[in-house]
Amino acid sequence: MKGTEQRADASAIVVPSQQVRWQVIALSLLLVATFTAFSCWAALSRNEILGAGYLPRGIVFLFLILVVFASLAQKSSLLPTLTRTELLFIFALLNSIAAISGEEFAMHFYLNLIGLVYYSSPQSQWFNLFTPHIPHWLVPSLQFRDPAILWAYEGMPEGAKMPIGEWFIPLLAWTPYFFGVCALLVFLCWLMAKQWEEHERLVYPLTQVPAELTSGDGGDFSRFLRSLLFWLGFFTASIPYSLRGLHLFFPQFPDPQLQRDAGQLFPSGPLTAFNGLQLHFYPEMIGIAYLLSYESGLSLWFFQFMRRTEIAVRIALGYDMMHGEFVTYQTIGAYCVMAGCLLWVARSHISKLARKALSLFAKQRTQGDSEETLAFWGLIGTFIGLLLWVKWVAGASTLWAGLMLLGMLIVAMVVARIVAETGIYIYSPPFRVNQVLFDIFGKDRIGAKNIVLLTAMSWMQIRSTATMASGYLTNTFRLGTLVGFRRGYMALWVLVALFLTLLVCHVSAPTVIYAYSVPKLSGWAQGAPLKATNLIAQYLTTSRPLTTHHWWGLVFGALTCWLLIKLRMTFSGFPIHPLGFVAWAGWPIDRYWLSVLLGWAVKVVVLRYGGFSLFQRMKPFAYGMIVGGPTTLTFWVLLRFFFPTQEVIIYD
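What counts, and at which threshold
- Residues numbered from 1 in each chain as written.
- Predicted model: local features only at pLDDT ≥ 70, side-chain atom pairs only at ≥ 80, totals over all residues.
- Heavy atoms only, no water.
- Helix = DSSP H or I, 4+ residues; strand = E, 2+ residues; numbered from the N terminus.
- Rg over C-alpha atoms; globule rule 2.2 N^0.38 Å.
- Contact = heavy atoms within 4.5 Å.
- Areas by Shrake-Rupley, 256 points an atom, 1.4 Å probe, with all protein chains shown as cover.
- Lys, Arg positive; Asp, Glu negative; His and termini not counted.
- Charge placed at Lys NZ, Arg CZ, Asp CG, Glu CD.
- Buried < 20%, exposed > 50% of the residue type's maximum accessible area, 1.4 Å probe, protein only.
- Polar contact = N/O pair within 3.5 Å; in protein donor to acceptor, adjacent residues only side chain to side chain.
- Phe/Tyr/Trp six-rings, centres within 6.5 Å; stacked < 30°, edge-to-face > 60°.

## Looking at the overall build of the protein chain
Turning to step 1, where the next piece is worked out: Along the backbone of the protein chain there are 24 helices and 0 strands.
Turning to step 2, where the next piece is worked out: Taken against the 2.2 N^0.38 rule, which gives 26 Å for 652 residues, the C-alpha radius of gyration of the protein chain at 24 Å falls within 12% of a compact globule.
Turning to step 3, where the next piece is worked out: Contacts in the protein chain between residues far apart in sequence, at least 24 positions, make up 81% of those at least 6 positions apart.
Turning to step 4, where the next piece is worked out: On the protein chain, roughly 25600 Å² of surface is accessible, and the fraction owed to carbon and sulfur atoms is 67%.
Turning to step 5, where the next piece is worked out: The protein chain carries 45 positive and 32 negative side-chain charges, and their two centres are separated by 6 Å.

In structure tokens:
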């Protein structure tokens, strides 16, 4: 996976620095708990996802405040100081948990779990379809008229006490599984960190922003704060979001229409594949694209057009149906090949690690590299522990659960690689691992009970809808390396933060659900449980066998990905990155391709007419856009909490 610009600056990695003070660790965990609680409420009640993006907008906003505070503290003996190491530690910890309280867990699990019971009621078309397959200790109640179920949907009687206590047993049962899935991803990213950081020297574009924002001679954090180019970029990015915010409060201001599409460009024929082309504008992604390698930026937008061109060719050849499914199975094939390639390139690292781990286990002695063996055994032990939970707690099949977890690891590794190399702001695969399993093997082989339980288990990371935790975690480990943390030290506090986040979600999410009731939650939260139950019901009541069309998509996608990898490995100047093909489908790339194109085009022009020196001098402007976009957007989101508007600033 080589490339002329795919190498990180070795000088950015420093020698191990001082440990973080306990007061700062306590502050970090307090911020983790506070952010989680507030983010739960915002996601469920307003559909405002503060943790969205692999450079989370709410965290960027908070981090900028901390950097300004640290800069002021350096000039005053009255204020407590924060070192660069401590600032990046806080950011890394918050970054690692950012998605959990939004679309990746809290917005799905609690509502969907009680939805399995509520939509099994006699009034539902799915009467008694789900509850016979669910152990009673995994849900607050199996009776739809129980207050824990009914009040969530139909509101609490006046003066009634929230039935939070009925959640104690099911959450006690589910939490080891939730934490195990998070730990599995932590160990995976920990294992791959050395290979990607030291051997392949990936650029990790998104980590450059907090790293640069805290850089300066002698720890002077105000270097960027005094940069005119930084603030020009900041305010340039703030203009479109501010115009949108002003329009919501004062309609006389023009609406910049940041999320528009091209509409119906062609009434009929093959070119209808280009109808509805999304023309969204995200200034932070323009800044990120400026930092990317030439091949990464080119490939992210190029394959958007290649995908639509392929559909146009299919229409011209008479294939008028199943375009989306064909593309999806191409992507699945590409994921499998890319994962195999990543493991093959890392084979020396993995085999050396395995030998050290086995040696350590056999001789029972501690070596200097024992931390990596902890990651190795942690991954294996956690996987086995999850299978034991599946068997003894959920009562589901360890075979199908094991395949689903293996699929999650494959997807998580590829997603982490996409984030580490391409730096795309938001990304998720266009398929769900559990659904692929159901489609391939079918209900008769898997069984109705396993379909219900595996779907419920997928609500933690496996059915990633927006941003998967591995993308955050790979950046977190990189940030730890930049300030000299041992990876084991970083992993320990990430695991603590993730566990704390789960506990806070267990209190916050049910509280919000009962306080509002489902009909008064955000539109997405209202529809989530019904969509989840309808999806399960489709698999339980209908047969969805794969056709040769699906299998050809799988084969074609795998071969295309292999060919792109082969060309890139063979020709050093090959301009197309295979990750662009892997990431070519799904709503994130549909929304972000235009901003990637704009940032890439600016970089090409700057390099063409100003050379590398001008490119370097313009970096503060790009950093300003990357920070200014999320910061301004978060400001307007917070303002809407106090002065609600009918529409949101942007739709995630």
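## Some points on unusual backbone geometry
Turning to step 1, where the next piece is worked out: Notably, Asn-47 is not glycine yet its phi reads approximately 60°, a positive angle.
Turning to step 2, where the next piece is worked out: Here Asn-47 shows up in the loop between α1 (22-46) and α2 (57-73).
Turning to step 3, where the next piece is worked out: Positive phi outside glycine occurs at Asn-128, with the angle close to 60°.
Turning to step 4, where the next piece is worked out: Tracing the backbone through its elements, the reader meets Asn-128 in the loop between α4 (109-118) and α5 (147-154).
Turning to step 5, where the next piece is worked out: Taking the relative accessible area as the measure of exposure, Asn-128 reaches 43% and is therefore partly exposed.

## Examining the side chain of Thr-645
Turning to step 1, where the next piece is worked out: As for its placement among the helices and strands, Thr-645 is situated in the segment after α24 (619-642).
Turning to step 2, where the next piece is worked out: Side-chain polar atoms of Thr-645 contact the side chain of Arg-640, separated by 2.7 Å.
Turning to step 3, where the next piece is worked out: Looking at Thr-645, its side chain comes within polar contact range of the main-chain oxygen of Glu-647, at 2.7 Å.
Turning to step 4, where the next piece is worked out: Beyond its immediate chain neighbours, meaning those up to four positions away, Thr-645 contacts Leu-248, Phe-249 and Arg-640.

## Re the packing of aromatic side chains
Turning to step 1, where the next piece is worked out: In the structure shown here, the tally under the stated rule is 49 aromatic pairs.
Turning to step 2, where the next piece is worked out: Where Trp-174 meets Phe-178, the ring centres are 5.6 Å apart and the plane angle is 10°; that geometry is what we call stacked. Within this pair, Trp-174 and its partner Phe-178 are both found in helix α6 (residues 168-199), separated by 4 residues, close to a single helical turn.
Turning to step 3, where the next piece is worked out: On the basis of relative accessibility, which here comes to 1%, the residue Phe-178 falls in the buried class.
Turning to step 4, where the next piece is worked out: Look at Tyr-294 and Trp-600: their rings are 5.5 Å apart centre to centre, the planes differ by 50°, and that puts the pair in the tilted class.

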